[in-house]
Amino acid sequence: MAAEAAGGLPVGALRADQLWRRCAVEAFGFSTTDELRDDATILGQQRAVEALRFGIGIAEPGYNLFAMGPEGVGRRTLARRFLEEAAAAKPVPRDWCYVFNFELPQRPRAIALPPGRGFAFKRDMARLVEDLRTGIPAAFEADEYRTRRQEIEGELSERQERALGAVGEHAAAQKIGLLRTPGGFGFAPLEGDDVMPPARFQALPDEERKRLQQAIETLQAELEGVIQQVPVWRREAQHKLRELDRAVTRTAINSLIDELRSAYAPLPDVVRYLGEVQEDVLDHAQYFQPARDGERSAIAQMVLGRGEAAESPLRRYAVNLLVDHAATTAAPFVYEDHPTHDNLIGRVEHVAHMGALTSDFTLITAGALHRANGGYLMLDAVKLLTQPLAWDALKRALLSGEVRTEPLAYSLGLLSTQGLQPEPIPLALKVVLVGPRHVHALLHAYDPEFPKLFKVVVDFAGDVERTPAAELDFAAVVAGMARRRRLRPFEAAAVGRMVEQASRAAGSAEKLAIAMHAALGLAQEADYWAGVRGRTTVAADDVEAALDARRRRIDDLPTRLREEVLRGRILVDTGGSRVGQANGLAVAEIGGERFGLPVRITARVRMGGGVLLDIERESKLGGSIHSKGVMIIAGYLAGRYAAGGPLALSATLVFEQSYGLVDGDSASATELCALLSALADVPLSNAIAVTGSVNQHGDVQAIGGVNEKIEGYFDLCSARGLAGGQGVLIPAANAPQLMLKREVVEAVAGGRFAIHAVATVDQGLEILTGVAAGARDAVGGFPRGSLNARIEERLAGFAERARVAAEVPARRLARRRRER
């Protein structure tokens, strides 16, 4: 039976009750989970809860949160719960919209409005444009406007006619006529009321001809002066017409604009924008002329349209409502599942028009930072870091305190053309990143800005101490799962079986794994089997059926490997004994389920120069940790058996029939046992497999996957037939972690299988060989016939033979010198 080693750990053959820690179901105090309150129990995350409350509560800049820990422990669920509670207690933030910038069209202006006013502002602007489309044309159709326009145009015509008439009178006084031709104006001498024929003009005296020519030249200069004045008069008339148009337009729009000014008087940015709209409408009244056939209405163009609507000049008066909180009752909480660059900071979309892509301020869309502004944003750290420039965009926004929407191509330097540059929007929010611990460590080590921005670490535990209180909390969690997922109620025994499985998943009978997704999956599968059996509640055997089904689903590879051993293609003995040969245990994983694999480990020794050859390493099939374990073995041998002289040993170690990478040090105890067996020339029992790491003092240390390793070897022994001498030798430190399956426990209880816990290599060797290991006496020697004495004597013999072999060449050299 098991004794106790230093530290209270059991040593020796373990009892069946030490292989499985049963859940005390009778202490639960309920029959089914329907009797438990769903009070949102938090299982074993007190440290994380404290950090969450601190990070959410502190309002200083840079105190964003990084929630780290194993996958499936409830990082997102718990963080979301606290963030939503905090958001519900905060006021609704402002609405944000983009409007046209009349001074710099490429830089749309951002305007903030009280919650819910953004949609009203957008609607009011759309209605204003619709009213202007009706009111402005009506004002220009008024008789007063037409009369005044005709007067201005008449004044221009009359002024032109008067000027031309004066030139004509001056010409007539000199018997010269002012002629109007299709090509313009001209002068000709008159004979009576008719133009003088050329022949008659040529017959005139020279003096008369010269006088007429000089008079015509003078009249032409006077006419040119009048003609040069006509554009000036026309510009004056056009100016009067524009002023008339502005006056008429102002009459049509003033009351509408003033009404909006009154409605938005407390908002200076909106009032200023309305003033700019008023001036722009006065300058572009022609935009509001009646639509041609087939053209959309103003509201359709401004509110609904993209595509054809992009052609309308009235879009300049639209409002792009970027963030709308009309239906919001609290601060926002946003979880962005796909945190790309554009999904974070927004994007400027484009539409095809006349064979080209065009854009304007109405095509700016909000990102997660816009939507979460004033509240909380949660992101997956790994997804964020794998998206191009998304991490840089988030840091830039947090450091600058504003969201700047720009295309990703600009950030990458792929575009040099001028595009929209929306005005940045002030940013005030709390960001929570969720990711594994190594991501936090990498960011902290390699990004100097990360510690400044994410000062709060929320560390989620992967397991919790298995106490009666923790088991009851686990039951409350299962009750909550069942209600939220509409599963059948779980009987107390079923919850107890789930507790035991959570303990096994934690790798220790003293712990409970807080992998809620795994617990939920098991609960759903157990509920399925309860349904198949026509039950109204989930029983313990339904949970067992779910676990058995899981094992069967991934049991193909372990079964095939076991068949290869049974057929003799892979050599693993489960009986007999052999010098320098031991059974090691490895662990593999498929689909989240782990299973153990037995493997033969052999050692050969001879006299040499102190070289311990690791064949796995030499063949490049050994990892660095495994190589470290072999070096520790070499240190143990030299320190214990050759402290006063050379270690004249050459040895080889190998995992037989292993063709993949071997890593880890959990087989170093097995390798050492095989090596010591070869040195002592004492056979090891191949009925007992060995697992454990070893240090240079010969202490056997804990390893991982102990349950799976034991069960893998048990399955092989069971397939060959349990003869009663088979078992597994494990580190004593792993004994409290044992949560073995029912078949193993029953076999140990029946004496057909054994689990041996050892604290030192000597203890393991005594079990494997049946020979006392022996301890050094007062004079430093091992008892005669003991394993350690045999090993020391063998190594001493190697050393002596090496010394003699080294002296022979020296004696020969000395003899040759004497002979000379």
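In this text, all values refer to a predicted model and were calculated from it rather than measured experimentally.

## Focus: the overall build of the protein chain
Within the protein chain, the regular secondary structure consists of 27 helices and 32 strands. In terms of overall size, the protein chain is more extended than a compact globule, its C-alpha atoms giving a radius of gyration of 48 Å where 820 residues would be expected to give roughly 28 Å. Each of the three principal axes of the protein chain carries a C-alpha extent, and together these read 165 × 100 × 50 Å. For the protein chain, with 820 residues in total, the buried portion stands at 47%. Accessible surface for the protein chain amounts to roughly 40000 Å². Of this, 51% is attributable to carbon and sulfur atoms. In the protein chain, the 99 positive side-chain charges and the 105 negative ones have mean positions that sit 8 Å from each other.

## Topic: empty space enclosed by the protein
A full pass over the atoms with the stated rule returns 2 cavities of 30 Å³ or more. Size it by volume and the largest cavity reaches roughly 40 Å³. Along the walls of the largest cavity sit A669, C673, V690, V700, L729, V758, T760, V761 and G764, which together make up its complete lining. Breaking the lining of the largest cavity down by element, the ones donating at least two residues are α23 (668-680) and α26 (761-769). Residues belonging to the lining of the largest cavity are distributed by class as follows: 7 nonpolar, 2 polar and no charged. If you trace the second largest cavity, you find it lined by G610, V611, L612, A634, L637, L647 and L649. At the level of secondary structure, the elements contributing two or more residues to the lining of the second largest cavity comprise β25 (611-614) and α22 (624-641).

## Comments concerning unusual backbone geometry
Located in the positive-phi region is Q657, a residue other than glycine, with phi close to 55 degrees. For Q657, the position within the fold is in the loop between β26 (649-655) and α23.

## A look at the domain arrangement of the protein chain
Per the domain assignment, the segments of the protein chain are domain 1 (31-42 + 465-553), domain 2 (45-91 + 330-460), domain 3 (117-310) and domain 4 (563-799). For domain 3 versus domain 4, the separation of C-alpha centres amounts to 106 Å.

## Remarks on the pairing of strand β18 (residues 430-435)
The element β18 is extensively covered by neighbouring structure, given that 6 of its 6 residues are classed as buried. Here β18 shows two buried faces, one formed by K430, V432 and V434 and the other by V431, L433 and G435. Pairing analysis gives 4 bridges linking strand β3 (residues 65-68) to β18, with the strands arranged parallel. Counted as the bridge partner of A67 is V434 from β18. Pairing of strand β15 (residues 376-380) with β18, which is carried by 5 bridges, proceeds in the parallel orientation. Bridge pairing in β18 links L377 to V431.

## Re the sheet that holds strand β8 (residues 194-195)
Working definition: the strands of a sheet are paired by backbone hydrogen bonds and lie parallel or antiparallel to each other. Taken in spatial order, the 3 strands make up an open sheet running β6-β7-β8, and their pairing is antiparallel. Lying at the two open borders of the sheet, with one neighbouring strand each, are β6 (176-181) and β8. Relative to the sheet, helix α6 (residues 206-263) contacts β6 and β7 (184-191), its axis offset from that of β7 by approximately 150 degrees.

How each quantity is defined
Residues numbered from 1 in each chain as written. Predicted model: local features only at pLDDT ≥ 70, side-chain atom pairs only at ≥ 80, totals over all residues. Heavy atoms only, no water. Helix = DSSP H or I, 4+ residues; strand = E, 2+ residues; numbered from the N terminus. Rg over C-alpha atoms; globule rule 2.2 N^0.38 Å. Buried < 20%, exposed > 50% of the residue type's maximum accessible area, 1.4 Å probe, protein only. Areas by Shrake-Rupley, 256 points an atom, 1.4 Å probe, with all protein chains shown as cover. Lys, Arg positive; Asp, Glu negative; His and termini not counted. Charge placed at Lys NZ, Arg CZ, Asp CG, Glu CD. 1 Å grid on protein atoms, 1.4 Å probe; cavity = no way out; pocket = protein on both sides within 12 Å on 5 of 7 lines; lining within 4 Å. Points joined across faces, edges and corners; volume = space filled by probe spheres on them. Nonpolar A, V, L, I, M, F, W, Y, C, P; charged D, E, K, R; others polar. Domains from an automatic or database assignment. Pairing = 2+ DSSP bridges. Contact = heavy atoms within 4.5 Å. Axes fitted to C-alpha atoms, helices over the stretch in contact; angles between N-to-C directions.

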